[in-house]
Every structure is written in structure tokens, then in C-alpha cells.
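Chain residues, written in single-letter form:
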Amino acid sequence: MSTILVFVEQNSGSCRRAALECLGAAAALGGDVVAVLTGPGATDAAAQAQGAGRAIVLSGAEPYSPDATASCLAAIAGDLGAQVFLCAATATGNDLAPRVAAHLDSVLFSDCTDLAAEGDSYQATRPWLAGKAIAHCTSSGPVFCATTRVNCFSPCETAGASEISERAASTDGKARVTSLAPKEGTALDVSEAPVVISGGRGMKDPESFAILEELAKAFGEAAVGASRAVVDAGWRPHGDQVGQTGKVVSPELYIAVGISGAIQHVAGMKTSGTIVAINKDADAPIFKLADFGIVGDAFEVIPALTAAVSALKAQG
Ligand SMILES: Cc1cc2nc3c(=O)[nH]c(=O)nc-3n(C[C@H](O)[C@H](O)[C@H](O)COP(=O)(O)OP(=O)(O)OC[C@H]3O[C@@H](n4cnc5c(N)ncnc54)[C@H](O)[C@@H]3O)c2cc1C
């Protein structure tokens, strides 16, 4: 049976949703899924690592060092004879996975939207050229390494890891995370929210984003994103930027408000489940991609939409 090693990100004893999705992708490949976790609360989180048969908690790995963790993961992969290494395509995963792949002398397929196993070989599906093409890739490298795009895989319904062991890890890396600052406000991160409402230059000024925040609040589990034009103007933080040079998101529902639909923006949201565009220009390129389009002024459409969503939520 093949061994699939998954780096599972956790926060204070809870697995991140993106990590549970990655475990779901691993379990779907079939094989012995081994989760590796680190940081305070890792043992509690290991018990929630749905889809993993066993989990390894790295001890003494504080402060977190991506290069030290990567060499530790590569050593575990070697010790277990793992055929596959996976982690979620989050900021941490994107930092860690290439280092692990390099240690394993393997290529990395990043930001995959699908994975498949065929006998002893594995295939990755990933958007290419800003989402204009879909690549189906396979590797002849010793270990198949991939990161999974957030919101593209389903977590397992099974219980967490039943066997949890510890392994001493080192913090002796060149890079170390010395502190973490929580994001301001209570909003979910755009890369993990099931609903993302992004505003563009059509929102006119930073204060106007308040109406998008209201709509997000009406939905409940939603985050407000932004185009690069807005971030470059200093209206919204860089962490909210969706696109080629921002975050790649794949929520169930993506609402683009006052965003023209430049290819660099589309690259970051094209794989969203349902795309709704609100723009006063009927010829805006975003409408070519949208499942539903509203040609209108955002300042009229958004408050009406917020009222409609709130009314629906109130009905239960
Ligand atoms: C290397 C590179 C990387 C890039 N990376 C990114 C990236 O990661 N993410 C990204 O977003 N961009 C990125 N860009 C920039 C991208 O090319 C566009 O410039 C940017 O996406 C445009 O942002 P926008 O749609 O908000 O603004 P605009 O293109 O100015 O569009 C504003 C839209 O708002 C509409 N509008 C105006 N008023 C209203 C109103 N009242 N109601 C409704 N609609 C209204 C207009 O009709 C228009 O369509 C990148 C560019 C380069 C060169």
C-alpha cells in the first residue's frame, strides 16, 4: 500500500479547513495517509486530522522554521518510504512545499485542482497560463509532490488520526517565524471563505467597501476581497488581493463588484463555483466569465442584494 504524507496546518489545536481538504484529497488517492503537524496544539489537532490513519507531531519545533520543517518532512518521507507528499496551497504551504520537493529531488505540482492515482503513478490537474489552459501532469520523480488549491477538495467525514506519535524536530533553519499578528477585524481569509465578495476600482473609495462588508455580514461566512488596483491604491490590505499576484481563491460563490475582469484578476478566481459580476458597463470582460451578471450601479445593487440576503436568512 502506498504511503501519502500530508503536512496538516493547524492553529491552536484546530486543523485549518484547507488542511482538512488536503487530507480529503490524500484519502481519495487511496493508501496509508500520514499527517504531520507542528506548533502549539498540534496533538489536539492531530486527533481531528480526518482521513489520516496516523499522525506525527513534531516536537521542539518552536519557533516555526520553514526550512527546518521541510528537511524534517523530507526525512519522514524517506523513513516511511512515502510515494506522495501533499500540503494545502496556503501561504505556509506555498512556502514549505517547494523546499520539501527540493529535498526529495522531486518536482512540485502547485495549486492543483484535482489529483488522481492510476496504479503506481499519480496525476495532477492544475490551471496554467492564468487559467487559460488546464494542464494534466505526471511525474517520474521519486516522490509525487503537490499542493492542493483551497476549496477544490472535500474533507473526509471519517474520524481523525487514531495513532499519534511524536518526533523530535529542529528549529535550526535559516528562516524563523518569530511572531504572528492576527488579521485585523473578524473577517475570514479570502482564500478560505465559502463566499467571497471582491470590490474593484468601481467602488470609488475605501469607505465604500463598508457596503461590501455589510453584504458579507448578511451572508455569514463570507470575506471581502479586492482587485490589485484597489490594493495598489491603499484602499484594502494586500492580504485581500485576489489574482495572479494576490491570492488564488475558489469559493462556492464569488461576487465581483466594480471589477473589469482583467486576466490577472481572473487568474485568481476563475475556478470559483458560481461567479456573479456586478458592473455598470455591460461590455466589461468579467461578464464573459460570470454565471450571473447584473448590469448596474454597485451603490444601488449591493444594498438591495444585502436586504434580499438578510431577508432570506431571516426566513431560515
Ligand atoms: C503583472 C501584473 C499582475 C497583476 N496582478 C493582479 C492581481 O493579482 N489581481 C488583480 O486584480 N489585478 C492584477 N493586475 C492588474 C490588472 O491588470 C488590472 O489592472 C486590475 O485587475 C484592474 O482592477 P479593477 O478591475 O478594480 O479596475 P478597472 O479595470 O479600472 O475596472 C473598474 C470597473 O468598475 C466598473 N465600475 C465603475 N463604477 C461602477 C459602479 N458604480 N458600479 C459598478 N461598476 C462600476 C467599471 O465599469 C470597470 O469595469 C496585475 C497586472 C499586472 C501587469
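Computed from a prediction, not measured in an experiment: that's the story for all the values here.

## Here's the deal with the domain arrangement of the chain
Here is step 1: Split by domain assignment, the chain resolves into domain 1 (3–168) and domain 2 (195–315).
Here is step 2: One C-alpha centre belongs to domain 1, the other to domain 2, and the line joining them spans 31 Å.
Here is step 3: On the side of domain 2, eight residues touch domain 1, which itself brings ten residues to the contact.
Here is step 4: Between domain 1 and domain 2 the total buried area reaches about 680 Å² when both faces are included, carbon and sulfur atoms providing 59% of it.
Here is step 5: Contact with domain 2 buries surface across domain 1, with Ala 130, Arg 149 and Asn 151 losing the most and accounting together for 59% of the total.
Here is step 6: Between the two partners, domain 1 and domain 2, sit zero salt bridges.
Here is step 7: At the boundary of domain 1 and domain 2, one finds one residue pair in polar contact (both at pLDDT 80 or more).
Here is step 8: Residue classes in the side of domain 1 that touches domain 2 are distributed as four nonpolar, three polar and three charged.

## Regarding the site of the ligand
Here is step 1: In the vicinity of the ligand, 26 residues are found, and the nearest of them are Ser 227, Thr 245, Ser 260, Gln 264 and Asn 279.
Here is step 2: One nitrogen or oxygen atom from the side chain of Ser 260 is found 2.7 Å from an oxygen atom belonging to the ligand.
Here is step 3: With the chains in place, 76% of the 980 Å² that the ligand exposes on its own is no longer accessible.
Here is step 4: Breaking the shell around the ligand down by element, the ones donating at least two residues are helix H6 (228–232), helix H7 (263–266) and helix H9 (298–315).
Here is step 5: Considering only residue class, the shell around the ligand consists of six nonpolar, 14 polar and six charged.

## What about the packing of helix H5 (residues 209–219) against H9?
Here is step 1: At their nearest, the axes of H5 and H9 sit 9 Å apart, and the two run at 15° to each other. Looking at the two axes, H5 sits roughly parallel to H9. Pair H5 / H9 crosses with left-handed handedness. Facing H5, whose interface residues are Ile 211, Leu 212, Glu 214, Leu 215, Ala 218 and Phe 219, H9 presents Ala 298, Phe 299, Ile 302, Leu 305, Thr 306, Val 309, Ser 310 and Lys 313.
Here is step 2: Within the contact of H5 with H9, the residues separate by chemical class into ten nonpolar, two polar and two charged.

## Regarding the nonpolar core
Here is step 1: In this structure, Val 6, Leu 23, Leu 37, Leu 86 and Leu 115 are the most contacted members of the largest nonpolar core, which totals 37 residues.
Here is step 2: At eight residues, the largest contribution of residues to this core is made by helix H1 (residues 17–29).
Here is step 3: Not counting residues within four places of it along the chain, the set of residues in contact with Leu 37 comprises Val 8, Gln 10, Cys 15, Ala 42, Ala 45, Ala 46, Ala 55, Ile 56, Val 57 and Leu 58.
Here is step 4: With 25 residues, the next largest nonpolar core counts Ala 61, Ala 70, Ile 76 and Ala 97 among its residues.

## A closer look at the packing of aromatic side chains
Here is step 1: For the structure shown, the criterion picks out three aromatic pairs.
Here is step 2: Taken together, a centroid distance of 5.5 Å and an interplanar angle of 40° make the contact between Phe 109 and Phe 144 tilted. Of this pair, Phe 109 sits in strand E7 (residues 108–112) while Phe 144 is found in strand E11 (residues 144–148), placing the two residues 35 residues apart along the sequence.
Here is step 3: Take Phe 144: its relative accessible area is 4%, and that puts it in the buried class.
Here is step 4: Summarising the aromatic geometry, the rings of Phe 209 and Trp 235 are spaced 6.5 Å apart at their centres and angled 70° between planes, so their arrangement reads as edge-to-face. Within this pair, whereas Phe 209 is found in helix H5, its partner Trp 235 is found in the loop between H6 and strand E15 (253–257), the two being separated by 26 residues in sequence.
Here is step 5: Of the aromatic side chains, those joined through ring pairs into one cluster are Phe 109, Tyr 122 and Phe 144.

Definitions and limits used
- Residues numbered from 1 in each chain as written.
- Predicted model: local features only at pLDDT ≥ 70, side-chain atom pairs only at ≥ 80, totals over all residues.
- Heavy atoms only, no water.
- Domains from an automatic or database assignment.
- Contact = heavy atoms within 4.5 Å.
- Buried area = accessible area lost by both parts, 1.4 Å probe.
- Salt bridge = Lys/Arg side-chain N within 4 Å of Asp/Glu carboxyl O.
- Polar contact = N/O pair within 3.5 Å; in protein donor to acceptor, adjacent residues only side chain to side chain.
- Nonpolar A, V, L, I, M, F, W, Y, C, P; charged D, E, K, R; others polar.
- Near = heavy atom within 4 Å.
- Areas by Shrake-Rupley, 256 points an atom, 1.4 Å probe, with all protein chains shown as cover.
- Helix = DSSP H or I, 4+ residues; strand = E, 2+ residues; numbered from the N terminus.
- Axes fitted to C-alpha atoms, helices over the stretch in contact; angles between N-to-C directions.
- Parallel < 35°, antiparallel > 145°, perpendicular 65-115°, else oblique.
- Left-handed = near helix turned anticlockwise from the far one by under 90°.
- Core = buried A, V, L, I, M, F, W, Y, C linked by side-chain atoms within 4.5 Å.
- Buried < 20%, exposed > 50% of the residue type's maximum accessible area, 1.4 Å probe, protein only.
- Phe/Tyr/Trp six-rings, centres within 6.5 Å; stacked < 30°, edge-to-face > 60°.

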